[in-house]
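# Breakdown of the fold
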Amino acid sequence: MVRQDKPALCVSLPEVQAYARVETGEEEALLAGLLRTASELCETFLNQALVARDFELDLRAGEGWTLVPLQPVRSVSSIRRASDGELLAPGSYRCDVDYEGRGHIAGLPRGETFIVSGSAGMATDGNGVPEPIRQGILRLAAFMFTNRDGQIGDLPKAVTALWRPYRKAGLCR
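As a starting point, this report considers the structure included with it.

Cut-offs applied
The residue numbers shown here count from 1 along each chain, following its written sequence. Residue-level local features of this predicted model are given only where pLDDT is at least 70; pairs of side-chain atoms are given and counted only at 80 or more, and the full residue set underlies all totals for whole chains, interfaces and linings. In computing side-chain properties, one takes all heavy atoms of the structure into account and sets aside hydrogens as well as water. The cut-offs for exposure are 20% and 50% of the maximum accessible area for each residue type, with area from a 1.4 Å probe on protein chains only; residues under the lower value are buried, those over the upper are exposed, and the others partly exposed. A run of H or I in DSSP becomes a helix once it reaches four residues, and a run of E becomes a strand once it reaches two; helices and strands are each numbered from the N terminus. At least two bridges found by DSSP between two strands are what make those strands a pair. Defined by distance alone, a disulfide is two cysteine sulfur atoms within 2.5 Å. Each reported salt bridge corresponds to a side-chain nitrogen of Lys or Arg within 4 Å of a carboxyl oxygen of Asp or Glu. In this context, the arc is that of the directions from the helix axis out to the C-beta atoms. Contacts were defined at the residue level, with two residues in contact if any of their heavy atoms lie within 4.5 Å. For a helix, the expected span equals 1.5 Å multiplied by the number of residues minus one.

## Details of the pairing of strand β7 (residues 113–120)
Counting buried positions along β7 gives seven out of eight residues, so the element sits mostly inside the fold. Bridging between strand β4 (residues 73–81) and β7 involves seven bridges; their strand directions are antiparallel. Within β7, the residue paired with I79 across the bridge is V116.

## Focus: the state of the cysteines
Enumeration according to the criterion identifies zero disulfides in this entry. The thiol of C42 is unpaired, and the distance to the nearest cysteine sulfur, on C10, comes to 6.6 Å. For C42, a relative accessible area of 0% corresponds to the buried category.

## A few points about the pattern of salt bridges
One pass over the full model with this rule turns up ten salt bridges. Among the ionic pairs, R110 bridges to E63, the shortest N-O distance being 3.2 Å. Within this pair, whereas R110 is found in the loop between β6 (103–106) and β7, its partner E63 is found in the loop between β2 (53–60) and β3 (66–67), the two being separated by 47 residues in sequence. Both residues of the pair, R110 and E63, count as exposed. One salt bridge connects R134 with E131, and the closest N-O pair in it is separated by 3.1 Å. You can see R134 and its partner E131 sitting in helix α3 (residues 131–146), three residues apart, about one turn around the helix. The exposure class of E131 is partly exposed, given its relative accessible area of 44%. Among the charged side chains, a network of salt bridges with common partners joins E15, E131 and R134.

## Section: helix α1 (residues 13–20)
Buried residues of α1: V16, Q17 and A20, and no others. For α1, the angular spread of buried residues about the axis comes to 100°, placing them on one side. Pointing more than 90 degrees away from the buried face of α1 are the exposed residues P14 and A18. Here the buried face of α1 lies against α2 (28–46) and α3. Immediately downstream of α1, the backbone of R21 shows phi near 60°, a positive value.

## Here's the deal with α2
Its 19 residues give α2 an end-to-end C-alpha distance of 27 Å, which sits within 8% of 27 Å, the value for a rise of 1.5 Å per residue. Taken residue by residue, α2 has L31, A32, G33, L34, L35, A38, S39, C42, E43, F45 and L46 as its buried positions. The secondary structure elements touched by the buried residues of α2 are α1, β2, α3 and α4 (157–163). Directly after α2, the chain includes N47, whose backbone phi takes a positive value near 60°.

Functional significance is not addressed by these values, which are geometric in nature.
Here's what the structure looks like:
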């Protein structure tokens, strides 16, 4: 199970209001909710956290290197045994993050479950998120606002076209 801090938004409410051409504050709460939903849908589609945030997850150690099921990993700060909460000494295991942001941990006893704490995210703040991803979130939030009384169905093709180059394989989720 993965426990994460609430994601920071990489698109602001005023940006969505301007894009959706909403001038009054009467529908701000609705737009804010749609912005959060669009951001979560984006992270799910990409299989990546956008803005860096802390996480804690349960990880069952395999043989050799065990993959951390969250991307992109920025750091692993601690590892504890799930059974008794004992903190492992940093020298008793190895951590590696590959060029695609996949975290790997080695040296853990096979079959045991551990609680791994760290940080994951594509950028340190919303401005560091690539513009096509931000544009897709903006478009999706406005699309959901415009179509709030009907069925939405699949993601709009313009949104998936913006996001697809940043999508990571989701085999470990």
